[in-house]
Amino acid sequence: MPRAFYAFDFDGVIADSLPIALEEYRRLISSDFQQLPLPESSEDLTKLFPGPLRTSLRRFGLNEQESKSFFDKHSAAMRERSAEVGIFSDVAELILRLPVDSFAIVTSAYGDAVRRIFADKARSALAENVQIVGRERSLPKDKKFKELAEVNKVELSRMIKIGDMASDILYARSAAVGVWAVGWGYHPISYLAVFDPDECFPSQHELCAKIEGWQI
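Residues numbered from 1 in each chain as written. Predicted model: local features only at pLDDT ≥ 70, side-chain atom pairs only at ≥ 80, totals over all residues. Heavy atoms only, no water.

**Q** Requested: an account of the overall build of the protein chain, with residues and values cited.
**A** Looking only at helices and strands, one finds ten helices and eight strands in the protein chain. Computed over its C-alpha atoms, the radius of gyration of the protein chain comes to 16 Å, within 12% of the 17 Å expected for a compact globule of 216 residues. Taking the principal axes of its C-alpha atoms as reference, the protein chain extends roughly 50 × 35 × 30 Å. The burial tally for the protein chain puts 52% of its 216 residues in the buried class. Within the protein chain, contacts between residues at least 6 apart in sequence are counted, and of these 65% link residues at least 24 apart. (Helix = DSSP H or I, 4+ residues; strand = E, 2+ residues; numbered from the N terminus. Rg over C-alpha atoms; globule rule 2.2 N^0.38 Å. Buried < 20%, exposed > 50% of the residue type's maximum accessible area, 1.4 Å probe, protein only. Contact = heavy atoms within 4.5 Å.)

**Q** Can you tell me about the nonpolar core, naming the residues and giving the values?
**A** Membership of the largest hydrophobic core comes to 71 residues, with the highest contact counts inside it found for Phe8, Phe49, Phe70 and Ile162. It is helix 1 (residues 18-32) that contributes the most residues to this core, seven residues altogether. (Core = buried A, V, L, I, M, F, W, Y, C linked by side-chain atoms within 4.5 Å.)

**Q** Explain the packing of aromatic side chains to me, using residue names and the numbers behind them.
**A** Within this structure, the stated rule accounts for twelve aromatic pairs. Between Tyr25 and Phe70, the aromatic rings sit 5.9 Å apart at their centres with planes inclined by 5 degrees, giving stacked as the arrangement. Of this pair, Tyr25 sits in helix 1 while Phe70 is found in helix 4 (residues 64-80), placing the two residues 45 residues apart along the sequence. What makes Phe70 buried here is its relative accessible area of 0%. Look at Phe70 and Phe71: their rings are 5.3 Å apart centre to centre, the planes differ by 85 degrees, and that puts the pair in the edge-to-face class. Side by side, Phe70 and Phe71 carry an identical accessibility label, which is buried. Among the aromatic residues, those joined into a ring-pair cluster are Tyr6, Phe8, Phe103, Trp180 and Phe201. The ring of Tyr110 has Arg79 sitting right over it, with the charged end atom 4.0 Å from the ring centre. (Phe/Tyr/Trp six-rings, centres within 6.5 Å; stacked < 30°, edge-to-face > 60°. Lys NZ or Arg CZ within 6 Å of the ring centre and 35° of its normal.)

**Q** So what about the packing of helix 7 (residues 141-152) against helix 8 (residues 166-174)? Which residues, and what values?
**A** Their axes nearest at 8 Å, the elements helix 7 and helix 8 cross at an angle of 50 degrees. Taken as axis vectors, helix 7 and helix 8 run oblique relative to one another. Where helix 7 crosses over helix 8, the two elements pack in a sense that is right-handed. Contact with helix 7, carried on its side by Lys141, Asp142 and Phe145, involves Asp168, Tyr171, Ala172 and Ser174 of helix 8 and no other residues of that element. A per-class count over the contact of helix 7 with helix 8 returns three nonpolar, one polar and three charged. (Axes fitted to C-alpha atoms, helices over the stretch in contact; angles between N-to-C directions. Parallel < 35°, antiparallel > 145°, perpendicular 65-115°, else oblique. Left-handed = near helix turned anticlockwise from the far one by under 90°. Nonpolar A, V, L, I, M, F, W, Y, C, P; charged D, E, K, R; others polar.)

**Q** Now, about the pattern of salt bridges: what can you tell me, with residues and values included?
**A** If you walk through the whole model with that rule in mind, you get 13 salt bridges. Two residues, Lys73 and Asp32, come together in a salt bridge whose shortest N-O distance is 3.3 Å. Residue Lys73 is located in helix 4, and its partner Asp32 is located in helix 1; the two are separated by 41 residues in the primary sequence. Under the relative-accessibility criterion, Lys73 is labelled partly exposed at 37%. Classification of Asp32 by relative accessible area gives partly exposed; the value is 43%. A salt bridge links Arg79 to Asp112; the nearest nitrogen and oxygen atoms lie 3.0 Å apart. Here Asp112 lies in helix 6 (residues 111-122) and Arg79 lies in helix 4, a separation of 33 residues in the sequence. When salt bridges with common partners are traced through the structure, they connect Glu23, Glu24, Arg27, Arg81 and Glu84 into a single cluster. (Salt bridge = Lys/Arg side-chain N within 4 Å of Asp/Glu carboxyl O.)

**Q** An account of helix 8 is requested, with residue identities and associated values reported.
**A** An α-helix turns once per 3.6 residues; consequently, residues spaced three or four apart project the same way. All of the buried residues along helix 8 are Ala166, Ser167, Asp168, Ile169, Tyr171 and Ala172. Those residues of helix 8 that are buried lie in contact with helix 3 (53-56), helix 7, strand 6 (159-163), strand 7 (178-182) and helix 9 (189-193). Positive backbone phi, at 60 degrees, marks Ala176, one or two positions downstream of helix 8.

Rendered as structure tokens:
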């Protein structure tokens, strides 16, 4: 069987950033976007972001430019607080055992912040070799998958997106990429299951066991 190519999301899959993200969502909404509901939990994020991120906020009255401004400001705040962000150690350690040409991190976060967090918290020089496709590419995730496939000379049918939000599933489907959902991130696994991902993993252990069985 051809080897899979894994496209890991960062926040909520590798990075334990939800508490800080919720703080910054609330701060931003209270100051600049008061028409949006204040999220207190991952369950609340299913109401704020029930589908594709780039269009989710329009039903609250935000136009395209305002929605972009919201995400730009939130990403910038998360970048500033990157030193506070932890990582999920089981997944991070698994990634560092994978062949470097078998995966990438595909994320809406800034690539420099991702690399800084990963290298610092994983405490491994190998983290510097990880391929990251971040926010600075200014592309929706479905197009990032296609670009990643071209660069790495892999078929989209071999790619598996590993994500923690409904938007990850929807973007993967639109690019004809396989998708696995994890249950320790920004959306509850019960909500993600409604979108019919190829597989659901409630725990890091289950995801790592699956990938190790296939790859390592």
